[in-house]
Amino acid sequence: MSSMRFSLSSACLALCFCVVFAGVAVRAQEAIPLSGETTIDLESRNDAFWLKGSARRALESGFYDVALGLAEQLIASGVDLSEDERSGILMLMVDANLGLGFYDEAERLVAQLPEGGSSELRNALVAFGRGASLDSYADLLDREDEFLEERGERVWLWVLRGWRAARSGKIDDSLDAFGKARGLAELESSVLLGQVDYIRFRSRLIGRGRGPASVEELRRAIADAEGKEVGYRYAQLLAIALEDRGEVDEAVTLLANRLAIIPGEFDRISEELMLLQVVIAGIDRPEGRQAMRALVLERPGARFARVALQRAVETGLGDDIARRVFLRALLDDSVAAKPDHPLLDEVLYYRAVLRLQEGNMEGVEDDAELLESKFATSPYRRGVLSVLALMDWQRGNFRTAASHLSLLRNDFSAEFELAGISSIIADCYFRAGVRDGSVEDFVNASEAYEVALTELAFGEGYDRTVFQLVSSYLGANEIAEAQRVLDDPEIGGRIAGLVLWRAEWSFVKKLRATGMFEAAYERAQSVLRLVDGELKLRFIWLSSKLSLETGHSEETANWLASLDDFIGDIAEGSIERGLLDEVRASVLLSYAEAQFAVGDPEKAMESLEDLRENYGEYEAALFSYIIQARYFSSVNRTVDAQQRLVFLADNYAESRLAPMALFEAALNAEKRGQGNYLDQANQLLERISRDYPNSDIVYYSRLKQADLLRKLNQFGAAQQLYESLENRYSDRHDRYLAQISLADTLMARSVEDPAKFDAAISRFELLVDLSDVPTDLRVEAGYKLGVAWQNSGNLGKAKQALWTLYDLILGERDRMDSLGVKGRYWLARSLFTLAELEKSDGDLDRARFFYEIIVRSKLSGFELAKDQLGRIESGTAN
């Protein structure tokens, strides 16, 4: 029965969140160490979360090849799946193969499923699809249907009962079973209803087929009943028999001939012949396409118009251009029909899906608007909302996608797993926040994740949602809220393993980024006291790192001892040996750094040698050359430092540390100061660009090369390099480093070429005005803008520029807390310059005002500001 189609699951009519998600670019995040990930990988984990739902929705909408491809992609992704999740995906693949008529593959997959009613039903459907007897499944078919959880499965149980009854000649029983199947299908979707209607039609043919049985007998019967109703009934049976024998061409020709001569009074039979032509000839034959158009356009009220429409969509949404052209014309003509097509809402949904695939975004919006205006209560409105959300996702309009999903959630709450929709809404806001660095988006994401947690049963997706909630609060700079979630025994207290490690690492990372190093150290130690096994191992490692970072270098030795005690106490094989060695190598490196810090370089060198000898295969051993070089550089042994770094780059060229080593070697060469050493530094930097073109360090090495050119008074070459960086790296979050250096270079060249003064000024102004420029850099640009006007003799504009900078940081909204060390330095210089300008104008009160800010805020040079205040009070100010 190659023409049978199966959709066993409840259909939500939403072809939403398909594989296109993988193409959306979101800024990469820092790797989480000791987590089994090379990156934070929120994107791929989110995509896997959606991919499962995407495959399910594609199956429910009748797009079996799409569903199968998505499910296979999910299995191949390597994402961690529970036993239940894996079984669910295998079940989905079984259903997709049944829908495609791949019965051997379906049977193979069913064998991998847990025993139970659902797998028994699918074995029965494999037999049904092959045209085999259902007698061996009598026990299954005679059970009460409540043993099947999904309503879609119960539909198919009643279909099989109806088919068996029809084959046994029990017409009343068959009609009753198909009636129950239709009743359940109507509660689900038109896709499922159309399938039931077609199989019911086939079963009725079986019930009528108690006359001629063989192909030859049917041919004779048709000839004997020429022009009579029964002759056309026999033609239907013959077409099915020919298809089952593989004689499709003859079946198609038979149906075409009968349709050409059937009298008008046999209208109902004519529609049934067209339906068979749709199913047997299909979209690839002119006879099939003609039958599709006849049922959909010429007889839109026909019983089987929806079945014909769905067959056209099912086969026309693929990659075949000819099929797509036919489907597009069929849908366009249906929308244009007057009066309105009875299936117009369904047609608009299918056309929106097609237009989305073709990239016609305006067309998608037009179809959505028309459906909304004409069919506000249509079930297809939910599908169009999903299509709009997907379209906005593809465009990177994450916030608008979230809005459409919120409408979907609110208006169709009874038909969706609410926690899943809430999580997707939250993910939309989260990705917008990651991409744009928007605090507001992270706030919205955290609110949506909180809602999802209230709707989510503990189990599948819970850990991930908690992790995302913590990440959202951290992105929103709500550190206290992130800690509340982690410390709540009913939320963070329910996550464990790698998810807990990733969440706590992210929390500690945020504390460090905001300068709360002691708090980070205390947090790591507090969690350490509550965990054991691999988690304890990871937190010992983290504590050792933080002891060094917080200046408690004398404690790092204790952490190394704690690690050795831990390794000595655990059972053999309880933790993978590779992880133990990786952690010990890293902690040993921290111990060596600590010994340098406490002034015992001899012990530090011994530790580095021990590390290289016993743990040479780990990255910590390679990093030891960089640590050693940094120590040599700190005591002015730049030649030794450079040698260690070049050794690392030469001997471990494939390591990710190689370009870093070359960069630091260049810094050491530059530190030696003389012209030939600057040339040497430039050669090392050039090697990074040549040998590691994809390394993130290339951007910084090119910046440093341009800086070296400025030191060598080659300002023209430096300008060209800065401009190339500005153009090539226009989407980098730190692109402004090249832009401010370019402005500095243009200002330096303006001495010889006054035309470059305006170009420099405009760049400084732009850097001050753009809100996405880091605050520290905005302050630096503002100071340099003011000084540029001051040096040009325009003191009015100098004051205006510096006052604007003061107002930006200390005006209506105090941004002092957002300043780093560099920002505070440039702000101090700006306020000093403002004070001096006011003094030169004779306004000592205004000068006092700016000096007092410097003193009150303890900015750089506040002692000098105090002295100037004393001079003003004593009347001795210059």
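Residues numbered from 1 in each chain as written. Predicted model: local features only at pLDDT ≥ 70, side-chain atom pairs only at ≥ 80, totals over all residues. Heavy atoms only, no water.

## Section: the pattern of salt bridges
- Applying the stated criterion across every chain yields a total of 69 salt bridges.
- Its salt-bridge partner being Glu 549, residue Arg 512 comes within 2.8 Å of it at the nearest N-O pair. Remark: Glu 549 occurs in helix α27 (residues 533–549) and Arg 512 occurs in helix α25 (residues 497–513); sequence separation between them is 37 residues.
- Looking at Arg 512, the relative accessible area reads 24%, which means it is partly exposed. (Salt bridge = Lys/Arg side-chain N within 4 Å of Asp/Glu carboxyl O. Helix = DSSP H or I, 4+ residues; strand = E, 2+ residues; numbered from the N terminus. Buried < 20%, exposed > 50% of the residue type's maximum accessible area, 1.4 Å probe, protein only.)

## What to know about unusual backbone geometry
- The residue after Lys 338, namely Pro 339, is reached through a cis peptide bond having omega -5°.
- Along the chain, Pro 339 turns up in the loop between α16 (321–336) and α17 (344–358).

## Considering the packing of helix α14 (residues 286–298) against helix α15 (residues 305–316)
- Contact geometry of α14 with α15 gives a least axis separation of 8 Å together with a crossing angle of 130°. Classified by the interaxial angle, the pair formed by α14 and α15 is oblique. Considering the relative orientation of α14 and α15, their crossing is left-handed. Judged by residue contacts, Met 292, Leu 295 and Val 296 of α14 engage Ala 305, Ala 308, Leu 309, Arg 311 and Ala 312 from α15.
- Its residues placed into classes, the contact of α14 with α15 shows seven nonpolar, no polar and one charged. (Axes fitted to C-alpha atoms, helices over the stretch in contact; angles between N-to-C directions. Parallel < 35°, antiparallel > 145°, perpendicular 65-115°, else oblique. Left-handed = near helix turned anticlockwise from the far one by under 90°. Contact = heavy atoms within 4.5 Å. Nonpolar A, V, L, I, M, F, W, Y, C, P; charged D, E, K, R; others polar.)

## Remarks on the nonpolar core
- Counting residues in hydrophobic clusters, the biggest one holds 171 residues, and the most contacted among them are Trp 501, Leu 542, Leu 827 and Tyr 851.
- It is helix α29 (residues 577–597) that contributes the most residues to this core, ten residues altogether.
- Among all residues touching Leu 542, those that are not within four sequence positions of it are Trp 501, Trp 505, Val 508 and Ala 524.
- Among the nonpolar cores identified, the runner-up in size contains 78 residues, and Ala 67, Leu 141, Ala 181 and Leu 184 belong to it. (Core = buried A, V, L, I, M, F, W, Y, C linked by side-chain atoms within 4.5 Å.)

## Some words on the packing of α15 against α17
- In the contact formed by α15 and α17, the axes pass within 11 Å of each other and the chain directions differ by 0°. As the angle between them shows, α15 and α17 are arranged roughly parallel. Facing α15, whose interface residues are Arg 306, Leu 309, Gln 310 and Val 313, α17 presents Glu 346, Val 347 and Tyr 350.
- Across the contact of α15 with α17, the residue classes break down as four nonpolar, one polar and two charged.

## Details of the side chain of Glu 346
- With respect to the helices and strands, the residue Glu 346 is situated in helix α17.
- Exposure remark for Glu 346: the relative accessible area of 0% places this residue in the buried category.
- At 3.1 Å, the side chain of Glu 346 forms a polar contact with the side chain of Tyr 380.
- In this structure Glu 346 touches Ser 190, Arg 306, Leu 309, Gln 310 and Tyr 380, once residues within four positions along its chain are discounted. (Polar contact = N/O pair within 3.5 Å; in protein donor to acceptor, adjacent residues only side chain to side chain.)

## Comments concerning α25
- A rise of 1.5 Å per residue sets the reference length of α25, with its 17 residues, at 24 Å; its end C-alpha atoms lie 24 Å apart and thus fit the reference within 8%.
- Counting buried positions over the 17 residues of α25 gives twelve, a clear majority of the element.
- Buried residues of α25: Val 499, Leu 500, Trp 501, Arg 502, Ala 503, Glu 504, Trp 505, Ser 506, Phe 507, Val 508, Lys 510 and Leu 511, and no others.
- Looking one or two residues past α25, Gly 515 carries a phi angle of roughly 85°, positive in sign. (Expected span 1.5 Å × (residues − 1).)

## Examining the confidence of the model for the protein
- Of all residues in the protein, 90% have pLDDT values of 70 or greater, and the mean over the chain is 86.
- Across residues 9–29, where pLDDT falls below 50, the model places 82 contacts with residues more than four positions away in sequence or in other chains.
- A low-confidence stretch, residues 37–46 (pLDDT under 50), is modelled with 28 contacts involving residues beyond four sequence positions or located in other chains. (pLDDT = per-residue confidence, 0-100.)

## Notes on the packing of aromatic side chains
- For the structure shown, the criterion picks out 26 aromatic pairs.
- Between Tyr 699 and Tyr 729, the ring centres sit 5.0 Å apart and the planes meet at 70°, which makes this aromatic pair edge-to-face. Of this pair, Tyr 699 sits in helix α35 (residues 697–711) while Tyr 729 is found in the loop between α36 (715–728) and α37 (736–749), placing the two residues 30 residues apart along the sequence. As far as burial versus exposure is concerned, Tyr 699 and Tyr 729 are alike and both buried.
- Here Tyr 825 and Trp 826 contribute two aromatic rings whose centre-to-centre distance is 5.1 Å and whose plane-to-plane angle is 70°, an arrangement assigned as edge-to-face.
- We classify Tyr 825 as partly exposed; its relative accessible area is 35%.
- Trp 826 gets classed as buried once you look at its relative accessible area, which sits at 13%. (Phe/Tyr/Trp six-rings, centres within 6.5 Å; stacked < 30°, edge-to-face > 60°.)

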